[in-house]
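The primary structure of each chain is shown beneath.
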Amino acid sequence: QVQLVESGGGLVQPGDSLRLSCAASGRPLNWYVMGWFRQAPGKEREFVGTISQRGLNLNYSDSVKGRFAISRDNAKNTVYLQINNVKPEDTAVYYCAAKLSAESQFGSWGQGTQVTVSS
């Protein structure tokens, strides 16, 4: 099973940009469809987006489309989530997850990284 570790979160101001990383180990990253999710305080976990194994197919939730961008570098075993023009409502714990195909369930999850947007 692949192990995932997120990083890059922190305290940012509205309008800033930041990039979250998800480092994979234990299995080749290119085996997996990767996803990003987030969970805001008091809310259920929310789907952010996915990227296919070679990065050719991307899907985003409507709530983040246009401001978030997912990318991957399989040679570095890392997936990224670029967040532009952050808003207070982006405050959440962000998780990456892995699955072996578009049709399967996400079976591996990271521990999450906190993003707090505040002026």
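A. Structural view of the nonpolar core. In terms of nonpolar packing, the biggest core is built from 28 residues, with Met-34, Trp-36, Leu-81 and Tyr-94 touching the most fellow members. Beyond its immediate chain neighbours, meaning those up to four positions away, Met-34 contacts Leu-4, Cys-22, Leu-29, Gly-49, Thr-50, Ile-51, Arg-72, Val-79, Ala-97, Ala-98 and Phe-106.

B. Fine view of the side chain of Asp-90. Checked against the element boundaries, Asp-90 lands in the loop between strand 8 (78–83) and strand 9 (92–99). Aside from chain neighbours lying at most four places away, what touches Asp-90 is Arg-38, Arg-67, Phe-68, Ile-83, Asn-85, Val-115 and Val-117.

C. Quick peek at the environment of Pro-88. Among the secondary structure elements, Pro-88 is positioned in the loop between strand 8 and strand 9. The exposure class of Pro-88 is partly exposed, given its relative accessible area of 47%. Ignoring any residue separated from it by four or fewer positions in sequence, one finds Pro-88 in contact with Pro-14 and Val-117.

D. Looking closely at the state of the cysteines. Evaluation of the coordinates by the stated rule reveals 1 disulfide. The side chain of Cys-22 participates in a disulfide bridge whose partner is Cys-96; the two sulfur atoms lie 2.0 Å from each other. Here the disulfide of Cys-22 and Cys-96 is right-handed, its torsion about the S-S bond being about 60°. Of this pair, Cys-22 sits in strand 3 (residues 18–25) while Cys-96 sits in strand 9, and the two are 74 residues apart along the sequence. Cys-96 sits in the buried class, given a relative accessible area of 0%.

The rules behind each value
- Residues numbered from 1 in each chain as written.
- Predicted model: local features only at pLDDT ≥ 70, side-chain atom pairs only at ≥ 80, totals over all residues.
- Heavy atoms only, no water.
- Core = buried A, V, L, I, M, F, W, Y, C linked by side-chain atoms within 4.5 Å.
- Buried < 20%, exposed > 50% of the residue type's maximum accessible area, 1.4 Å probe, protein only.
- Contact = heavy atoms within 4.5 Å.
- Helix = DSSP H or I, 4+ residues; strand = E, 2+ residues; numbered from the N terminus.
- Disulfide = S-S within 2.5 Å.

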